[in-house]
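Geometric and topological summary
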Amino acid sequence: MFGWLSALFRGSPPVSEGNLTETSDFWYNIGTFSQASSGAVVSKESAMRQWTVYACISIVSETIAQLPLDLRRPNGSGGTEDAKDHHLYNLVKVLPNKHMTSFNWREAQQANLMTTGNCYNLIQKNTIRETAGLLPINPLDVTVREPRADEARRWRLGKKDPGVVYEVRTDKGQKVFPPWQILHIAGFGFDGLLGESVIINFAKESIGNALALDNFQGSAIKNGITPGGVLEHPDTLGDNKEAFITALKSRYAGAENARTPMVLEEGMKFNKVDVSLVDKQLIEQLKMTATQICGVFKIPPHKVGIYEKNTNYNNTEQGNRAFLEQTMQQWVVRWEQAMNWKLLSPTERDQGYEFKFNFDALLRPDTKTRSELEWREWQMGTPLNEIRRRNDLNPIEGQDVSYVPVNMVPWHLAGQAVAQEQNDPAEEELDKIKRFEKNAVARVFEKVAKGKAIDIQAELEKVYDKVNRFVDESILPIKLLQLDQESAQERIDQIKGEFADNKKRLLEAQDER
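I will try to describe carefully the structure that is included in this document. Bear in mind the structure is a predicted one, so any value in this text is a computation, not a measurement. (Residues numbered from 1 in each chain as written. Predicted model: local features only at pLDDT ≥ 70, side-chain atom pairs only at ≥ 80, totals over all residues. Heavy atoms only, no water.)

If you look at the biggest cluster of nonpolar residues, it comprises 57 residues, and the most contacted ones within it are Ile207, Phe297, Met339 and Phe355. In terms of residue count, helix α11 (residues 316-343) provides more of this core than any other element does, 9 residues in total. Excluding residues within four positions of it along the chain, Phe297 makes contact with Val53, Cys56, Ile57, Met114, Val198, Ile199 and Thr327. In this structure, Ile456, Val463, Leu476 and Ile478 belong to the second largest nonpolar core, which totals 20 residues. (Core = buried A, V, L, I, M, F, W, Y, C linked by side-chain atoms within 4.5 Å. Buried < 20%, exposed > 50% of the residue type's maximum accessible area, 1.4 Å probe, protein only. Helix = DSSP H or I, 4+ residues; strand = E, 2+ residues; numbered from the N terminus. Contact = heavy atoms within 4.5 Å.)

A few words now on the pairing of strand β8 (residues 165-170). The buried count for β8 comes to 6 of 6 residues, which makes it a mostly enclosed element. The two faces of β8 match: Val165, Glu167 and Arg169 on one face and Tyr166, Val168 and Thr170 on the other face are all buried. Inspection of the sheet shows strand β7 (residues 142-145) paired to β8 by 4 bridges, in the antiparallel sense. When the bridges of β8 are listed, Arg145 appears paired with Val165. Where β8 and strand β9 (residues 173-177) come together, 5 bridges link them in antiparallel fashion. (Pairing = 2+ DSSP bridges.)

For any pair of aromatic rings, the description consists of the separation of the ring centres together with the inter-plane angle of the planes. A complete count under the given rule lists 7 aromatic pairs for this structure. Summarising the aromatic geometry, the rings of Phe188 and Phe190 are spaced 5.4 Å apart at their centres and angled 75° between planes, so their arrangement reads as edge-to-face. Classification of Phe190 as exposed rests on a relative accessible area of 64%. Ring geometry for Phe436 and Phe470: centres 5.1 Å apart, planes at 75°, overall edge-to-face. Here the residue Phe436 occupies a position in helix α16 (residues 425-449), and Phe470 occupies one in helix α17 (residues 456-482), the gap between them amounting to 34 residues. Through successive ring pairs, a cluster of aromatic residues spans Trp105, Trp335 and Phe357. Above the face of the Trp155 ring, Arg154 is positioned so that its terminal group lies 4.5 Å from the ring centre. It is Lys342 that lies over the ring of Trp341; its NZ or CZ is 4.7 Å from the centre. (Phe/Tyr/Trp six-rings, centres within 6.5 Å; stacked < 30°, edge-to-face > 60°. Lys NZ or Arg CZ within 6 Å of the ring centre and 35° of its normal.)

Moving on: the sheet that holds β9. Sheet architecture is open: 3 strands sit in the order β7-β8-β9, paired in antiparallel fashion. Looking along the sheet, the strands with just one partner apiece sit at the ends: β7 and β9. Averaged over all neighbouring strand pairs, the angle between strand axes comes to 25°, with direction disregarded. (Axes fitted to C-alpha atoms, helices over the stretch in contact; angles between N-to-C directions.)

Here we take up the packing of helix α3 (residues 51-66) against helix α5 (residues 102-116). Two elements in contact, α3 and α5, have axes whose closest approach is 8 Å; the angle formed by their N-to-C orientations is 140°. The angle between the axes of α3 and α5 places the two elements in the oblique class. In the crossing of α3 with α5, the sense of the turn from one axis to the other is right-handed. Contact with α3, carried on its side by Cys56, Ile57, Val60, Ser61, Glu62, Ile64, Ala65 and Gln66, involves Phe103, Arg106, Glu107, Gln110, Ala111, Met114 and Thr115 of α5 and no other residues of that element. (Parallel < 35°, antiparallel > 145°, perpendicular 65-115°, else oblique. Left-handed = near helix turned anticlockwise from the far one by under 90°.)

With that settled, the discussion passes to empty space enclosed by the protein. A full pass over the atoms with the stated rule returns 1 cavity of 30 Å³ or more. The space that makes up the largest cavity amounts to roughly 50 Å³. Lining the largest cavity are Gln50, Trp51, Thr52, Ala210, Asp214, Leu286, Thr289, Ala290 and Ile293. Every element with two or more residues in the lining of the largest cavity is listed here: α3, α8 (204-223) and α10 (277-296). Among the residues making up the lining of the largest cavity, the classes are represented as 5 nonpolar, 3 polar and 1 charged. (1 Å grid on protein atoms, 1.4 Å probe; cavity = no way out; pocket = protein on both sides within 12 Å on 5 of 7 lines; lining within 4 Å. Points joined across faces, edges and corners; volume = space filled by probe spheres on them. Nonpolar A, V, L, I, M, F, W, Y, C, P; charged D, E, K, R; others polar.)

Laid out in structure tokens, this is it:
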């Protein structure tokens, strides 16, 4: 049924410098190459042979490919969850088509996106009209245009805004697809529809300079003479020259003879040949050009092995975060929005379904920092099993509940804990002790009123000894559960002080009588 799609994988013939003649089919190859001021021909193929371009494109492509890509949906409790039962979940995460894994597919599509400015995929449907596969199409085989009248009628495209159609060149001729059959991810562009080729349209000169410098360097190594030093003889070696050179190589050449002291006779001198200013300028030019290319692709130079004095990341997490925010974020948003638009139905989007890349995989801190972070997360409500799953550990039975800092109670009991705090059991015990104090003091003075001869101070001492014992036995244990030991003891001392003040006032009042 889809035999013609074999052409989608063949690609266009590579364009090389040898193809560029006055009789070349210019319209067939338009936009696939350009000649820089340095004379180097810049195309997708030639640019990828330049190490900095390859490094930048491969880093971004591999990062897009290795980031976890999930289909998420609301879980009914204010959060989100993986939509594992949806037919698109495994399609984008595991196997987008019969020919490649999700990693290979995303890597190739991102490479096309960065070299040509666009990537295209045919959205295959099964018998029940569900998306069953995503087949890559070579961007150079695709023309995006407005539909003709017959095409607009056939697909019932709007009259005022018919949109676009995708015309694909195959080995059996042109085939046209409506927009809902093509997953199109576009890079930076000026019309909001098509991406521009960074290599051809924006970085041609920088990449051309790099190609020219690489070519110059290769020619210099092949044809140049760069001795490490020169031996100077006051006279001439005569017929012994060849034998002397052979003996010199045998004794001093090679890694095993490195740093071997050289013995020179007959007034000979060894003059070291330093790196010339021209060579130094070439090295600086190579570094500057590589840094420029990194800037074009928004890649931190240290990612491709270019380190400056001011390159200073305290740890891997900080470096990865800068890379993700400055380089990867814009690509991730392009992918997510295109897939949400073309692969999800309006109803599914309204229900909250969305494709999401997970940056956490590249932001894992060192072990010590991660342990401290996970401890704080657990204290603030993250279930222990969620943390264990993140670290590829087996779950623990009963640990799918959340805990909060109010005495570290289960999340669903947090409201009760707050209410309990408002009706503090320690305060309830304190009220009981105050009632005992009131009744006990009343009984003492009732005896005095009846004329009984008692030692009021001794009787009050007995009352308040019991009060202090009740405080230690009933309030202190509760406070030790609520507070640290020092704070708990502080509160107990405060309570006992208040009772001591009460006893003092009673004795002073009795003395005044």
